[in-house]
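Reading the structure
Each chain, written out:
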Amino acid sequence: MASLYFILLVIFVLVSLAYYLALPRVIPHIPHNRSSARSILGDLPALLANFKATSENVNWMTQQCVTLNSPLIQLFLWPGAFPLLVLSDHRETEDILIRRTREFDRSDIIARLLGGLVPYATIVMPSHELFKSQRRIWANTMSTAFLNGVAAPQIHEATMDLVRLWRRKQALAGGRCFAAAENIRHAAMDAIWAVAVGTKLGGVQTQLDFLASNVSIFVPNDAPEAPVEFPEADMPEVYTAISTLLDSVAGILSSPFPKVYAFFMRQRSWYRKANAMKTRTMRELVRQCREEYIRTPKSALQRPASAMEHVLRREASELAKEEGRDSKPGSRGDEREMIDELFMFLVAGHETTATTTTWGLKYLASSPTVQDRLHRAIQAALPSASPTQIPSADQIVAADIPYLDAAIAEMLRCGRTTTGAVRVAKVDCEVLGYRIPKGSSILCSTCGPSFLHDTLHVDEESRSQSSKAAGGKCREWESLGKQDFKPERWLERIGDGDGELEVVFNPNAGPSLPFGAGPRGCFGKKLALMEMRIMIILLLLNFELNEVPDPLGGYEAIEGVTVTRQPRKCFVKLGLRN
Ligand code: HEM
């Protein structure tokens, strides 16, 4: 009997211990939901309930800052784990991302998400020496020379395929609505693939060829407001493989155990097949590019046609400099690094840009005054441009159109394609007067209070030294509602010296950080802005975006199904411009 009591006691002690260990680890003094701190599941049930109701996560997290009336809070999302800190204050966020890089680094959340897919790419690395040297090699792919000379023409070509596809669809649909998001994704994928490796992937062209082959199209004549449904072509094998891999990231993202999920996913035959196809294709492209370079006499070399070629040459010339002799491209770099960095272009640059464009088109369609002003601004900067006289990539890149820059900034701000940047504390430190232990992850929200909602009070004394020294560089949005789509908020009138007032775009007009910031901010920001510019100009020169019927519109978003925050619905109703 005594031994039974003893066993029960041991079980009781073990269960209590397990329960205690599974309880949230509260960081003292940082505001949190008290009831969550007493529950093993912490804030998870409330987060999941919100996700079920709204399909979004980060809005709930930043709403907790409002509920707890604090710009810094802690949430308990994994049993027994350190809490996730959520910060929603643009000054402190800028400070952490830009100035406090000794204390904070890129969180390993990105590595958990993408580590299996691109293990040798800089995006998954902490900011150590290898990261820095590899990033240096790739930095030139964001130089003005590369972007204007190589990327812009490729993006122009991919967008013109989309224009042709939509002209065809517009005619077949008789001006009625049709779904747009998938086509934009295809165009963005074609564009970024061409920029990365210099060949045509042909996603949009495949759809165009398919429509030309007399497929039957369902036009619901009894419901004039209903969208016309176009059948989708089967995509080329390599296209499907790449899409499969890119989509797999979303599965990891939505799993509570990303590492385990990713491990088992990588064993699945569909994943292995897609990954093998991608690696084979990219390896072959790298090989061809290298051989072409070796074959071609230096004097006959043309401008590089892709990021891949650019980097292979750069590696060759760096090695030549170091060794004082001629060298083969790629002989220094590891092929795995090359393939992963190239694939990172697709992972980081495809869906982000496509999603922002879909948000942008939605906002323009439901804001006819903005669309009209934007079209007039484009036309004024490119007076001879028309659907029959399409401006070249060079002309588009060179055009000075402050209202376009403002509209793009506003699409990024309101669309919230990305909702924050995550950092990890490398040392014990302080944020807004609270002690933060080493190893804590902090989500610096870019869509909550002080960005799209009213700023929460911060005692100036509690700010870090560097934050105080920098002051409030980014002004508050004052007169215009924070959540309204108003490109005008980004414009400023300045004197041009002759007493005339000139309207200019001010990128620091107010708080907005869609690309993150600092040394680990978005690597592809310039490329993304250029792509948006080319896409918006070419689409608006060809089409009028009419407002879609209510059931097909709205700004509801969906997170977790893909890497970005996407609009739940994206339909277009196109008129033709002449
Ligand atoms: C509208 C489009 C885009 C948006 C909104 C966007 C947004 C972001 C954000 C928020 C981050 C994290 C920044 C941080 O932690 O501070 C990021 C990182 C990154 N982005 Fe973008 N991005 C876009 C397009 C692109 C494109 C076209 C590329 C192409 C190369 C790209 C490549 C990257 C890379 C490599 C990183 C990781 C940087 C690092 O690890 O240091 N992005 N992006």
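Identification of the protein as Cytochrome P450 from Cladonia borealis is taken from an unreviewed UniProt entry. As recorded by UniProt, the Cofactor (unreviewed entry) comment attached to the protein reads in full: "heme".

**Looking at the site of the ligand**
The local shell around the ligand holds 25 residues, among which Arg106, Arg135, Arg423, Arg520 and Cys522 are the closest. One nitrogen or oxygen atom from the side chain of Arg135 is found 3.1 Å from an oxygen atom belonging to the ligand. A distance of 2.8 Å separates an oxygen atom of the ligand from a polar atom in the side chain of Arg520. Of all the elements in the fold, those that place two or more residues in the shell around the ligand are helix H7 (129-139), helix H15 (335-349), helix H16 (351-366) and strand E5 (420-425). Considering each element in turn, the shell around the ligand owes the most residues, four residues, to H15. Broken down by class, the residue content of the shell around the ligand amounts to 13 nonpolar, eight polar and four charged.

**A look at helix H17 (residues 368-381)**
Its 14 residues place the ends of H17 20 Å apart at the C-alpha level, agreeing with the 20 Å of an ideal helix rising 1.5 Å per residue. Restricting attention to buried positions, one finds in H17 the residues Val370, Gln371, Leu374, His375, Ala377 and Ile378. The buried residues of H17 occupy an angular sector of 160 degrees when projected down its axis, which confines them to one face. Opposite the buried face of H17, at more than 90 degrees from it, the exposed residues are Thr369 and Ala380. Packed against the buried residues of H17 are H16, helix H19 (402-415), helix H21 (525-542) and strand E11 (543-546).

**Section: the packing of helix H13 (residues 269-295) against H15**
Where H13 meets H15, the axes come as close as 10 Å, and the angle between the chain directions of the two elements is 110 degrees. The orientation of H13 relative to H15 falls into the category roughly perpendicular. Like other packed secondary-structure pairs, H13 and H15 cross with a definite hand, here right-handed. Taken together, the residues of H15 that come into contact with H13 (itself represented by Lys278, Thr279, Met282, Arg283, Val286 and Arg290) are Glu335, Met338, Ile339, Asp340, Leu342 and Phe343. Here the contact of H13 with H15 is built from residues that sort into six nonpolar, one polar and five charged.

**Here we look at the sheet that holds E5**
Across the sheet, five strands lie side by side as E1-E2-E8-E5-E3; this open sheet has mixed pairing. In this open sheet, the two strands that pair with only one neighbour each are strand E1 (72-75) and strand E3 (104-106). Put simply, the sheet's adjacent strands are angled 35 degrees from each other on average, direction ignored. As paired elements, E3 and E5 share three bridges and run antiparallel to each other. The residue of E5 that forms the bridge with Asp105 is Val424. In this fold helix H4 (residues 58-67) packs onto E1, strand E2 (84-87) and strand E8 (441-445), with an angle of close to 125 degrees to the strand it touches most, E1. On the sheet, helix H5 (residues 90-99) packs against E2, E3, E5 and E8 and is oriented at approximately 125 degrees with respect to E8.

Cut-offs and rules
Residues numbered from 1 in each chain as written. Predicted model: local features only at pLDDT ≥ 70, side-chain atom pairs only at ≥ 80, totals over all residues. Heavy atoms only, no water. UniProt positions renumbered as here; feature names shortened; annotations may be inferred. Near = heavy atom within 4 Å. Polar contact = N/O pair within 3.5 Å; in protein donor to acceptor, adjacent residues only side chain to side chain. Helix = DSSP H or I, 4+ residues; strand = E, 2+ residues; numbered from the N terminus. Nonpolar A, V, L, I, M, F, W, Y, C, P; charged D, E, K, R; others polar. Expected span 1.5 Å × (residues − 1). Buried < 20%, exposed > 50% of the residue type's maximum accessible area, 1.4 Å probe, protein only. Arc of directions from axis to C-beta. Contact = heavy atoms within 4.5 Å. Axes fitted to C-alpha atoms, helices over the stretch in contact; angles between N-to-C directions. Parallel < 35°, antiparallel > 145°, perpendicular 65-115°, else oblique. Left-handed = near helix turned anticlockwise from the far one by under 90°. Pairing = 2+ DSSP bridges.

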